[in-house]
Amino acid sequence: QVQPVESGGGLVQAGGSLKLSCAASGRTFSSYDMGWFRQAPGKEREFVAAVTYSGGNTYYADSVKGRFTISRDNAKNTVYLQMNSLKPEDTAVYYCAAGFRDTSMATVALPTRWAYWGQGTRVTVSS
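Okay, so let's go over this structure.

Analysis parameters
Residues numbered from 1 in each chain as written. Predicted model: local features only at pLDDT ≥ 70, side-chain atom pairs only at ≥ 80, totals over all residues. Heavy atoms only, no water. Pairing = 2+ DSSP bridges. Helix = DSSP H or I, 4+ residues; strand = E, 2+ residues; numbered from the N terminus. Axes fitted to C-alpha atoms, helices over the stretch in contact; angles between N-to-C directions. Buried < 20%, exposed > 50% of the residue type's maximum accessible area, 1.4 Å probe, protein only. Contact = heavy atoms within 4.5 Å. Salt bridge = Lys/Arg side-chain N within 4 Å of Asp/Glu carboxyl O.

A few points about the sheet that holds strand E1 (residues 3-7)
Next, step 1: Taken in spatial order, the four strands line up as E1-E3-E8-E7 in an open sheet, and their pairing is antiparallel. The sheet terminates laterally at E1 and strand E7 (68-73), the two strands that pair on one side only. When strand polarity is set aside, the average angle formed by the axes of neighbouring strands in this sheet is 20°.
Next, step 2: In terms of strand pairing, E1 meets strand E3 (residues 18-25) through five bridges, oriented antiparallel. The residue bridging Ser7 from the neighbouring strand is Ser21, located in E3.

A few points about the pairing of strand E11 (residues 121-126)
Next, step 1: Only one face of E11 is covered, namely the one carrying Thr121, Val123 and Val125; the face carrying Arg122, Thr124 and Ser126 has none of its residues buried.
Next, step 2: Two strands pair when backbone bridges link them, and strand E2 (residues 10-13) and E11 are joined in this way by four bridges, in the parallel orientation. Counterpart to Val12 in the pairing with E11 is Val125.
Next, step 3: Bridge count between strand E9 (residues 92-100) and E11: three bridges; the pairing is antiparallel. Residue pairing in the sheet places Val93 in a bridge with Arg122 of E11.

Examining the environment of Leu20
Next, step 1: For Leu20, the position within the fold is in strand E3.
Next, step 2: In sequence terms Leu20 and Lys65 are 45 residues apart; their C-alpha atoms lie 16 Å from each other.
Next, step 3: With near-sequence residues (within four places) excluded, Leu20 lies in contact with Ser7, Gly8, Gly9, Trp36, Val79, Tyr80, Leu81, Met83, Tyr94, Thr121 and Val123.

Some points on the environment of Gly35
Next, step 1: On the secondary structure map, Gly35 appears in strand E4 (residues 32-39).
Next, step 2: On a C-alpha basis, the gap between Gly35 and Gly120 in space is 12 Å, while along the polypeptide they are 85 residues apart.
Next, step 3: Not counting chain neighbours up to four residues away, the residues in contact with Gly35 comprise Ala49, Ala50, Tyr95, Cys96, Ala97 and Trp114.

Structural notes on the pattern of salt bridges
Next, step 1: On inspection of all chains with the given rule, the structure shows five salt bridges.
Next, step 2: One salt bridge in this structure joins Arg38 and Glu46, with 2.6 Å as the shortest N-O distance.
Next, step 3: Among the residues examined, Glu46 registers a relative accessible area of 36% and is labelled partly exposed.
Next, step 4: The salt bridge involving Asp90 is made with Arg67; its shortest N-O contact spans 2.8 Å. Placement of the pair is Asp90 in the loop between strand E8 (78-83) and E9 and Arg67 in the loop between strand E6 (58-60) and E7, with a sequence separation of 23 residues.
Next, step 5: According to the relative accessible area criterion, Asp90 is buried, its value standing at 1%.
Next, step 6: For Arg67, a relative accessible area of 11% gives the class buried.
Next, step 7: Residues joined in a network through salt bridges with shared partners are Arg38, Glu46, Arg67 and Asp90.

This is the structure:
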């Protein structure tokens, strides 16, 4: 079992950058796929990015592809989300999630696929 804890959110101007971190407790962090989701006010939670347990494969929503980068450091039990060229529409609460290994990753964008969730960190992008 892992418990994700997000940090790094804040207020940034459009075009700026932020780096989110997610530290996960537990000695089996490297056994879990990790993902980032976000939820804007009045909207459903949506997939942002995911990385497999080994860090060998990454997946992105079309809306962030080319601007966001997910990475992980298994030695530090931490996953990161580097966000560049931020837009006002990126404003949301960002959640880190841990999921059991899934070699197909076919359901990576479905919140139900992820077993453990953090409390979220707020990102606000001003225009």
